[in-house]
Amino acid sequence: MTTNEKTLARLAKLRAVINSDALERTAGVPKKTVAKHWLFLDGNQHGKKIPEKHLPKIAAVFGW
């Protein structure tokens, strides 16, 4: 399992307690990046995966 896969798995587990707007601001990633990922996980047609380039920034926020 790669580092990015681990980050996505951990993020999915914490979904219920994460404010996606605050996470995006803290990580310095574009708005709605995490919110669109949640839609993707739910199978919504408007969702999409988080781009690989943003995952290290999100992992750094949590110290992973």
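Placed above this text is the structure.
Parameters at a glance
Residues numbered from 1 in each chain as written. Predicted model: local features only at pLDDT ≥ 70, side-chain atom pairs only at ≥ 80, totals over all residues. Heavy atoms only, no water. Helix = DSSP H or I, 4+ residues; strand = E, 2+ residues; numbered from the N terminus. Rg over C-alpha atoms; globule rule 2.2 N^0.38 Å. Contact = heavy atoms within 4.5 Å. Areas by Shrake-Rupley, 256 points an atom, 1.4 Å probe, with all protein chains shown as cover. Lys, Arg positive; Asp, Glu negative; His and termini not counted. Charge placed at Lys NZ, Arg CZ, Asp CG, Glu CD. Axes fitted to C-alpha atoms, helices over the stretch in contact; angles between N-to-C directions. Parallel < 35°, antiparallel > 145°, perpendicular 65-115°, else oblique. Left-handed = near helix turned anticlockwise from the far one by under 90°. Nonpolar A, V, L, I, M, F, W, Y, C, P; charged D, E, K, R; others polar.

Engineer: Now, about the overall build of the protein: what can you tell me, with residues and values included?
Structural biologist: Check the secondary structure of the protein and you find four helices and zero strands. Here the protein has a C-alpha radius of gyration of 11 Å; the compact-globule value for 64 residues is 11 Å, and the two agree. Taken over the C-alpha atoms alone, the protein extends approximately 30 × 25 × 25 Å along its principal axes. Nonlocal contacts in the protein, meaning residues at least 24 apart in sequence, comprise 55% of its contacts between residues at least 6 apart. Counting every atom, the protein has about 4,400 Å² of accessible surface; 53% of that belongs to carbon and sulfur. Each charge class in the protein was averaged separately, 12 positive and 5 negative side chains, and the resulting centres sit 3 Å apart.

Engineer: I'd love a proper account of the side chain of Ser20, names of residues and values included.
Structural biologist: Within the secondary structure layout, Ser20 lies in helix H2 (residues 20–27). Excluding its chain neighbours within four sequence positions, the residues that come into contact with Ser20 are Val34, Ala35 and Trp38.

Engineer: So what's going on with the environment of Ala9? Residues and values would help.
Structural biologist: Locating Ala9 in the fold gives a position in helix H1 (residues 3–13). Distance in space between the C-alpha atoms of Ala9 and Leu23 is 16 Å, their sequence separation being 14 residues.

Engineer: With reference to specific residues and values, describe the packing of H1 against helix H4 (residues 55–62).
Structural biologist: Between H1 and H4, the shortest axis-to-axis distance is 10 Å and the interhelical angle comes to 55°. What the angle tells us is that H1 and H4 run oblique. Relative to H4, H1 is oriented so that their crossing is left-handed. Residues Asn4, Thr7, Leu8 and Leu11 of H1 form the contact with H4, whose participating residues are Leu55, Pro56, Ile58, Ala59 and Phe62. Taken together, the residues of the contact of H1 with H4 break down into seven nonpolar, two polar and no charged.

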